[in-house]
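Coordinate analysis (summary)
Below are the chains, spelled out letter by letter.
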Amino acid sequence: RGYAIFPIHVFGELVTYTSRRVMGTGPKALHAMATKSRMSLFYYDTALEMRSKRVLIGEGPFDAWAFHRRADPKDAGIGILGKVLHKAQIRLLDRLPCDEFVVCLDDTEHAKTQEYASMLSRGTSKAVSFILLKEGTGDPHDNREKLPRYIERRRPFNGLLSEVERLLA
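Residues numbered from 1 in each chain as written. Predicted model: local features only at pLDDT ≥ 70, side-chain atom pairs only at ≥ 80, totals over all residues. Heavy atoms only, no water.

**Observations regarding the confidence of the model for the protein**
Applied cut-off: Each residue carries a pLDDT score, the predictor's own confidence in it, on a scale running from 0 to 100. To qualify as a helix, a DSSP run of H or I must reach at least 4 residues; to qualify as a strand, a run of E must reach at least 2; elements of each kind are numbered from the N terminus.
Predicted confidence across the protein gives a mean pLDDT of 89, with 91% of residues reaching 70 or more. Ranking the helices and strands of the protein by mean pLDDT puts strand β6 (residues 100-103) first, with 98, and helix α6 (residues 159-168) last, with 67.

**Description of the packing of aromatic side chains**
Quick note on the threshold: Pairing of aromatic rings covers Phe, Tyr and Trp, the last through its six-membered ring, and needs centres within 6.5 Å; plane angles under 30 degrees mean stacked, over 60 mean edge-to-face, and all others mean tilted. We call a residue buried when its accessible area falls under 20% of the maximum for its residue type, exposed when it is over 50%, and partly exposed in between, using a 1.4 Å probe and counting protein chains only.
Within this structure, the stated rule accounts for eight aromatic pairs. Both rings, one in Phe6 and one in Phe42, keep their centres 6.1 Å apart while their planes meet at 75 degrees; by these two values the pair is edge-to-face. With a gap of 36 residues between them, Phe6 in strand β1 (residues 3-10) and Phe42 in the loop between β3 (29-31) and α1 (44-50) connect regions that are remote in the sequence. Each member of the pair Phe6 and Phe42 is classed as buried. Geometrically, the ring pair formed by Tyr43 and Trp65 is edge-to-face, given 6.4 Å between the ring centres and 85 degrees between the ring planes. With Tyr43 in the loop between β3 and α1 and Trp65 in helix α2 (residues 61-67), the pair connects residues that are 22 residues apart, well separated along the chain. A relative accessible area of 26% means that Tyr43 is categorised as partly exposed. Residue class for Trp65 comes out partly exposed when judged on its relative accessible area of 31%.

**Digging into the sheet that holds strand β4 (residues 54-58)**
Test applied: At least two DSSP bridges between two strands are required for those strands to pair. Whether two residues are in contact is decided by their heavy atoms: any pair within 4.5 Å suffices. With axes taken as lines fitted to C-alpha atoms, and helix axes fitted only over the stretch in contact, angles between N-to-C directions fall between 0 and 180 degrees.
Ordered by their spatial adjacency, five strands build an open sheet running β5-β4-β6-β7-β8, and the pairing between neighbours is mixed. Whereas interior strands pair on both sides, the edge strands pair on one side only; in this sheet they are β5 (75-79) and β8 (155-156). Packing against the sheet, helix α4 (residues 110-123) makes contact with β4, β6 and β7 (127-130), and its axis sits at approximately 180 degrees to β7.

**Structural notes on the environment of Val84**
For Val84, the position within the fold is in the loop between β5 and α3 (87-94). Classification of Val84 as partly exposed rests on a relative accessible area of 45%. Considering only alpha carbons, one finds Val84 and His141, 57 residues apart in sequence, at a separation of 19 Å. If sequence neighbours within four positions are ignored, Val84 has contacts with Gln89 and Tyr116.

**So, the side chain of Thr124**
Rules: Pairs of N or O atoms are called polar contacts if they sit within 3.5 Å, as long as, within protein, a hydrogen donor faces a hydrogen acceptor (for residues adjacent in sequence, only side-chain-to-side-chain pairs).
In this fold, Thr124 is placed in the loop between α4 and β7. Engagement of the side chain of Thr124 in a polar contact is seen with the backbone oxygen of Leu120, the distance being 2.7 Å. Only 3.4 Å separates the side chain of Thr124 from the backbone nitrogen of Lys126, close enough to count as a polar contact. Apart from residues no more than four positions distant in its own chain, Thr124 is found in contact with Ile90, Asp94 and Phe101.

**With respect to unusual backbone geometry**
The phi dihedral of Phe11 falls on the positive side, at around 55 degrees, and the residue is not glycine. Structurally, Phe11 can be placed in the loop between β1 and β2 (13-21). Accessibility expressed as a relative area gives 42% for Phe11, which makes it partly exposed. In this model, Tyr43 sits at a positive phi of 75 degrees, which is unusual for a non-glycine residue.

Here's what the structure looks like:
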């Protein structure tokens, strides 16, 4: 009915799906209401197989694809499938053999971007950084050509200092 459907696999198991409207009317995206959807991440198995050193985290499949190998051939992109980062997803992310997570959400989600960086910093053993897209520029996938420069200029999450900056924003 006008949606492209994307299956979500974690450790080789189909756990849920997401979709994106490509024609017609209706919500921009529809997600399955499967019980395992809170522990699913789009392109997780790809990041795992690649043994990526840096994993860039966005909201959905198009963001994940925009990040994938954009600045470095070993970069992986992952979509959290919406605007909520669940504890089960953080546990899954921590199992990846990467060194760093980079959070980059939509241009209107600066507070959430920093909040998720904080959550990852507390919930994983990896380095965490973030990118705040300039307001009015759209989603990460709208900024494909600029992403390598943004990734180079990412801001490291520095615990208490970053928390204070987030609260003052």
